[in-house]
Amino acid sequence: HPGYPLALFYRHYLFYKDSYLIHLFHTFTGLSIAYFNFGNQLCHSLLCVVLQFLILRLLGRTVTAVLVTFGLQMAYLLAGYYYTATGNYDIKWTMPHCVLTLKLIGLAMDYFDGGKDPSSLTSEQQKYAIRGVPSLLEVAGFSYFYGAFLVGPQFSMNHYMMLVRGQLTDAPGRIPNSAAPAVKRLSLGLVYLVGYTLLSPHITEDYLLTEDYENRPFWFRCMYMLIWGKFVLYKYVTCWLVTEGVCILTGLGFNDFTEAGKAKWDACANMKVWLFETTPRFTGTIASFNINTNAWVARYFFKRLKFLGNKELSQGLSLLFLALWHGLHSGYLVCFQMEFLIVVVERQAARLIRESPTLSNLASVTVLQPVYYLVQQTIHWLFMGYSMTAFCLFTWDKWLQVYRSIYFLGHVFFLSLLLILPYVHKAMVPRKEKLKKME
């Protein structure tokens, strides 16, 4: 990753230098990475960054500026997807551009919040609100920061400005002691990389489309999907861990101290690896995976739909936005629609077990814990693989073929549960529990 030598250079020669030098360094190195990877197509990101700066300056802290930003940046990204799309996973200028799109939309919203009375903002919005007026160089440095330009993570303008002012360090006045935590994340990323490299020739999504797969027994098709679903995510885990190391090395990963006075370096963490590997629940995997993007969607999309007065609707719209943000393939829509369905059903099931005395007693039998865990993990990763199939195969003819071969198992299973669970709840939760709840 080119970020490591750049981060080392920055630590030793630029950490407490003038801010304009740091912005120039970030802009120049980010543009160089863009040119190295995508040649003259770096003009797309440059155009959007300059346009964004003009929107902030000309439209000011207005709702219009936020709406124009949202409409323009999303339209540009979707047009990019439309003109470059093929049926395969492509690494093109649109890949870093989707990261940039969220960054610029967040920038416009934080700038808008900065014009409001602080007492009208939530504590979270106060933390991110931009009080000053960013210059073009600041916006460019923020957008092109080499540690996050290609695959993220998302961070706010205020956090970036703290980095530039040299405030993101555990030792005020000195460069941060972040080399060890950075190496830790890099090493963990390399472990995943080795795992992925060794397994990827043997477990591929292409195999799901072969006749050999279709002719195997049903249990084999399910098991293959389960193993592939777990392992296909490793390429994302690798990228995020390696780039997180760069962010930690520069100091951008600094996230204050624990109560015991130990520095935390997880401000740019996109993965909770332990949770990802051990959680038996879908909500656990969602909480452990692509954390910064999920936090971004929660902050700038989900919570701002509060006026709708309906949590499920807000969640559905947030997932629809995420699907579109990933690209125009039908597979993305199907994947996030599955996620929505699974999360709703998982919540229902958890509530049922909590409120039914019989089931909660059964669930707390110590001897059976390993069995429950195994069953939960099997269901969890089988249907994770099921959802990821659409995500990774993109086009409807491909994912439909695979879903047909396992009889639409995921849809059947979760839609049936969605319909049945309310009746089971009625039958198994005693009336006095319900009356207690109503009081």
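This one's a predicted model, so the numbers in the text were calculated from it and none came from an experiment.

1. As for the packing of helix α1 (residues 3–13) against helix α12 (residues 234–250)
Helix packing geometry: the angle between the two helix axes and the distance between the axes. In contact at an axis separation of 9 Å, α1 and α12 are set at 5° when each is read in the N-to-C sense. If you check the angle between α1 and α12, you find them roughly parallel. Across from G3, Y4, A7, L8, Y10 and R11 in α1, the residues of α12 making contact are V242, G245, V246, L249 and T250. Classifying every residue of the contact of α1 with α12 by side-chain character gives seven nonpolar, three polar and one charged.

2. As for a nonpolar patch on the surface
Side chains of L46, L47, V50, L51, L54, L58, L59, V68, L72 and L136 sit close together on the surface and give an oily, nonpolar patch of about 760 Å² of accessible area. Taken together, the elements giving at least two residues each to the nonpolar patch come down to α3 (42–59) and α4 (63–84). Relative to the assigned elements, L54 resides in helix α3.

3. Things to note about the pattern of salt bridges
Under the definition given, this model contains nine salt bridges. Close ionic contact of K116 with D113 constitutes a salt bridge, the shortest N to O distance being 3.8 Å. Among the salt bridges present, the one from K303 reaches E124, with a minimum N-O distance of 3.0 Å. Of this pair, K303 sits in the loop between α15 (291–302) and α16 (311–326) while E124 sits in helix α6 (residues 123–128), and the two are 179 residues apart along the sequence.

4. Focus: the domain arrangement of the protein
The domain boundaries assigned to the protein delineate domain 1 (2–165) and domain 2 (315–438). Its C-alpha centre places domain 1 at a distance of 36 Å from the equivalent point of domain 2. Taken together, the 14 residues of domain 1 in the interface contact 10 residues of domain 2. Buried surface at the junction of domain 1 and domain 2, summed over both partners, amounts to about 950 Å²; 75% is from carbon and sulfur atoms. Between domain 1 and domain 2 we count zero salt bridges in total. Looking at the side of domain 1 that touches domain 2, the elements that each hand over two or more residues are α4 and α5 (94–113). With six residues, the single largest contributor to the side of domain 1 that touches domain 2 is α4.

Criteria and thresholds
Residues numbered from 1 in each chain as written. Predicted model: local features only at pLDDT ≥ 70, side-chain atom pairs only at ≥ 80, totals over all residues. Heavy atoms only, no water. Axes fitted to C-alpha atoms, helices over the stretch in contact; angles between N-to-C directions. Helix = DSSP H or I, 4+ residues; strand = E, 2+ residues; numbered from the N terminus. Parallel < 35°, antiparallel > 145°, perpendicular 65-115°, else oblique. Contact = heavy atoms within 4.5 Å. Nonpolar A, V, L, I, M, F, W, Y, C, P; charged D, E, K, R; others polar. Patch = residues over 30% accessible without salt bridge, like charges linked within 9 Å, V, L, I, M, F, W, Y side chains within 5 Å. Areas by Shrake-Rupley, 256 points an atom, 1.4 Å probe, with all protein chains shown as cover. Salt bridge = Lys/Arg side-chain N within 4 Å of Asp/Glu carboxyl O. Domains from an automatic or database assignment. Buried area = accessible area lost by both parts, 1.4 Å probe.

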